[in-house]
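Given next are the chains, with one letter for each unit.
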Amino acid sequence: ISDGMTDPGGTVDVDVTFDDFEDIIAFQHSLSWDASVFSFNSIVNVTSALDQFTIGAIGTPDNGTDPGVITVSWSKTNTQPETLADNTRMFTLRLNAIGAACDVSDVRLSNSPTVIEFSDSNTNNVGATPQNGTITINGTGCNSGGDDLIVTVDDVTANAGENRCVPIRVENFVNIQVVGFGL
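The text that follows walks through the structure, step by step, so that each part is easy to find. (Residues numbered from 1 in each chain as written. Predicted model: local features only at pLDDT ≥ 70, side-chain atom pairs only at ≥ 80, totals over all residues. Heavy atoms only, no water.)

A few words now on the sheet that holds strand β2 (residues 11–18). Strand order across the open sheet formed by three strands is β2-β7-β4, with antiparallel pairing between neighbours. Every interior strand has two partners, whereas the edge strands, β2 and β4 (38–44), have only one. Shown here is a sheet whose adjacent strand axes are inclined to one another by a mean of 30°, direction ignored. By the bridge criterion, eight bridges tie β2 to strand β7 (residues 88–97) in an arrangement that is antiparallel. Across the sheet, the residue bridging to V14 is L93, located in β7. (Pairing = 2+ DSSP bridges. Helix = DSSP H or I, 4+ residues; strand = E, 2+ residues; numbered from the N terminus. Axes fitted to C-alpha atoms, helices over the stretch in contact; angles between N-to-C directions.)

Considering the arrangement of structural elements, one finds S42 in strand β4. We classify S42 as buried; its relative accessible area is 18%. The contact partners of S42, leaving out residues within four places of it in the chain, are T92, L93 and R94. (Buried < 20%, exposed > 50% of the residue type's maximum accessible area, 1.4 Å probe, protein only. Contact = heavy atoms within 4.5 Å.)

Our focus in this paragraph is the state of the cysteines. Throughout this description, disulfide means a covalent bond between two cysteine sulfur atoms. Counted under the stated rule, the structure contains one disulfide. Linked covalently through their sulfurs, C102 and C142 form a disulfide whose S-S length is 1.8 Å. Between C102 and C142, the S-S torsion sits near -85°, and that sign places the bridge as left-handed. With C102 in the loop between β7 and β8 (104–110) and C142 in the loop between β10 (133–137) and β11 (150–153), this pair connects stretches of sequence that are 40 residues apart. The partly exposed category is assigned to C102, whose relative accessible area is 27%. For C142, a relative accessible area of 28% translates into the label partly exposed. (Disulfide = S-S within 2.5 Å.)

Looking now at unusual backbone geometry. With omega at 5°, the peptide bond leading from S112 into P113 counts as cis. Note on placement: P113 falls in the loop between β8 and β9 (117–120). Backbone geometry at Q52 places phi at a positive 70°, although glycine is not the residue there. Locating Q52 in the fold gives a position in the loop between β4 and β5 (58–59). Using a relative accessible area of 34% as the deciding quantity, one classes Q52 as partly exposed.

A few words now on the side chain of T92. Turning to its location among the elements, T92 is positioned in strand β7. Of note is the side chain of T92, whose polar atom sits 2.6 Å from the side chain of D15. Polar contacts involving the side chain of T92 include one to the side chain of N45, which spans 3.0 Å. Those residues in contact with T92 that lie beyond four places of it in its chain are D13, V14, D15, S42, I43, V44 and N45. (Polar contact = N/O pair within 3.5 Å; in protein donor to acceptor, adjacent residues only side chain to side chain.)

Note that strand β3 (residues 24–32) and β8 share three bridges and pair antiparallel. Across the sheet, residue S30 finds its bridge partner in β8, namely S110. Note that β8 and β10 share four bridges and pair antiparallel. Residue pairing for β10: S105 is matched across the bridge by I135.

Take a look at the structure:
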């Protein structure tokens, strides 16, 4: 699931891709996000690489799912397994930014309302390892880790037996009581 950013009131495209899709005969899952930050717009770029996979396999808020959720369910009329190349884009979820500047939402593979199942040619559920995405509404002064302590250690080359100084710099060293680390 890709990351994305948009301006307030804009749209963001989230690509849903699969890796390790080997000998699969059916799958289903849900995708969810924070409906107070982003609303459903549309599904675009539906793959033609997977036999019998169409936009009809995707349930959206327009056709009955809850806001902030889509469901996906695919199986073939025969049990011939399918294999896809890694990083195959299955579809793109387009969302509208309805939250405030600097709002953030995860887009995640979910078991609710549709349980995550990926079935192989023996009808075993081989599961899925999700890589969830994060979508952000751009803004001025957003806190994107800007207050985190940052420690930077330079690369230094030394000859055998030679002493060298290694510069260590810090940023945002504010109200720190204890710091410990090893080199």
